[in-house]
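The primary structure of each chain is shown beneath.
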Amino acid sequence: MNWLALASIVSAAMAVSFGAIGPALAEGRAVAAAMDAIARQPEAANTISRTLFVGLAMIETMAIYCLVIALLLLFANPLLK
Amino acid sequence: MNSPLSSIPLFHIGPVPISSAVAVTWVIMAALVLGAIALSRCLKLVPSATQAVFELVVETVDAQIRDTMRVGPAPYRAFIGTLFAFIFVANWSSLIPGVEPPTAHLETDAALALIVFLAVIWFGIRAGGVRGYLATFATPSPLMIPLNFLESITRTFSLLVRLFGNVMSGVFVIGIVLSLAGLLVPIPLMALDLLTGAVQAYIFAVLAMVFIAGTVSEGKEDPESSNPDSLIPGTHP
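Bear in mind the structure is a predicted one, so any value in this text is a computation, not a measurement. Along each chain, residues carry numbers from 1 onward, in the same order as the chain's sequence is written. Think of it this way: whatever chain is written first is A, whatever ligand is written first is 1, and the rest follow in order. Local features are withheld for residues below a pLDDT of 70 in this predicted model, meaning they are given only at 70 or higher, and side-chain atom pairs are given and counted only at 80 or more; totals for whole chains, interfaces and linings count all residues. For the side-chain quantities, the full set of heavy atoms in the structure was used; hydrogens and water were omitted.

Enquirer: Can you explain the side chain of B:Ser152? Please cite residues and give values.
Expert: Residues and elements named next belong to chain B. Helix and strand assignments come from DSSP, with helices taken as H or I runs of at least 4 residues and strands as E runs of at least 2, each series counted from the N terminus. If you trace the backbone, Ser-152 turns up in helix α5 (residues 145-180). In protein, a polar contact requires one atom able to donate a hydrogen and another able to accept it; more generally it is a pair of N or O atoms within 3.5 Å, and residues adjacent in sequence count only if both atoms are side-chain atoms. Engagement of the side chain of Ser-152 in a polar contact is seen with the backbone oxygen of Phe-149, the distance being 2.8 Å. When near neighbours in sequence (up to four residues on either side) are disregarded, Ser-152 contacts Phe-117 and Phe-137. In this analysis, two residues are considered to be in contact whenever any of their non-hydrogen atoms come within 4.5 Å of each other.

Enquirer: Summarise the pattern of salt bridges; cite the residues concerned and give the values.
Expert: The salt bridge definition used is simple: a Lys or Arg side-chain nitrogen within 4 Å of an Asp or Glu carboxyl oxygen. Here the structure, examined in full by the defined rule, presents 3 salt bridges over all chains. Here B:Asp67 makes a salt bridge to A:Arg50, at a shortest N to O gap of 3.6 Å. Residue B:Asp67 is found in helix α2 (residues 49-69), and its partner A:Arg50 is found in helix α2 (residues 45-75); the two belong to separate chains. With a relative accessible area of 11%, A:Arg50 lands in the buried category. Burial classes follow relative accessibility: with a 1.4 Å probe on protein chains only, a residue under 20% of its type's maximum area counts as buried, one over 50% as exposed, and anything between as partly exposed.

Enquirer: Describe empty space enclosed by the protein, naming the residues involved and giving the relevant values.
Expert: Take a probe with the size of a water molecule and roll it over the atoms, and the empty space left behind shows itself. All names here are of chain B. Cavity: a set of points on a 1 Å grid over the protein atoms alone where a 1.4 Å probe fits but cannot get out. Pocket: an open set with protein on both sides within 12 Å along at least five of seven lines, its lining residues, like those of a cavity, having an atom within 4 Å of a point. Grid points are joined across faces, edges and corners, and a volume is the space filled by probe spheres set on the points. Summed over the entire model, instances satisfying the criterion amount to 1 cavity of 30 Å³ or more. A volume near 60 Å³ is recorded for the largest cavity. Forming the boundary of the largest cavity are Asn-91, Ser-94, Pro-101, Asn-166, Val-167, Asp-193, Thr-196 and Gly-197. Of all elements in the fold, only α5 and α6 (187-219) reach the threshold of two or more residues within the lining of the largest cavity. With 3 residues, the single largest contributor to the lining of the largest cavity is α6.

See below:
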């Protein structure tokens, strides 16, 4: 195995592991804020949870981007062809 | 293990290779169309149980459109409802053994995101004309034209990557777990995958609604007609 393949595998693992930290913290904050809001204003729970879902999907996309980059590095790496 | 980014042709029609994702897509399309025809043929004023269930579905879609877009649901019901129904059925088609969801392949998601991209242009032009649609790029100021233009492309791309990444990662994880452990271990992951599939179908439809509503409300002739206060939570009674 040459060093390029090794570097690709290591950077794919790093992309997923470090790329998951930020979205995890952000999703935690978003859910905590939504819980707080629902506790204060239970009648707005529908609107809040709908907005929360869309927001979570937005945040989660960041982690998914990292996953796609990792898969590109592992399966479709142009440098290894 | 096969790469999740490539697809293997199942059979050929003439020179055109047909992958399994395309074949599953055709089956889902046929099932949805035939089911819709069969259901709408025998509509009654006093609904049967099946009709009542599907009326509930349509009313839920209407309510979501009304809540998210703040307009009447009639022009958007068909598009949003079909989008949601197709993605939902496609994500849950993994329940059938041996079937891989077509949304776990890049090309199906690219097609769906492209449909949303074109639908935003179509609804924008229909609401405000070509001038009105092009003027939405210059809101709030002409300085934003490059950014708004870039945003309309990147948000389509993120729609594509979001659906692909979520569904594909579910399939991929189940494949890995199945190759490591035995029969019953992947079942909780499959249940999680179904939840993710339903949520992603909902989110895809909601984001399509949000993009269309943004373009339509910006392209209107008079901005007073849409009530911006109602979008801020806490201001309505």
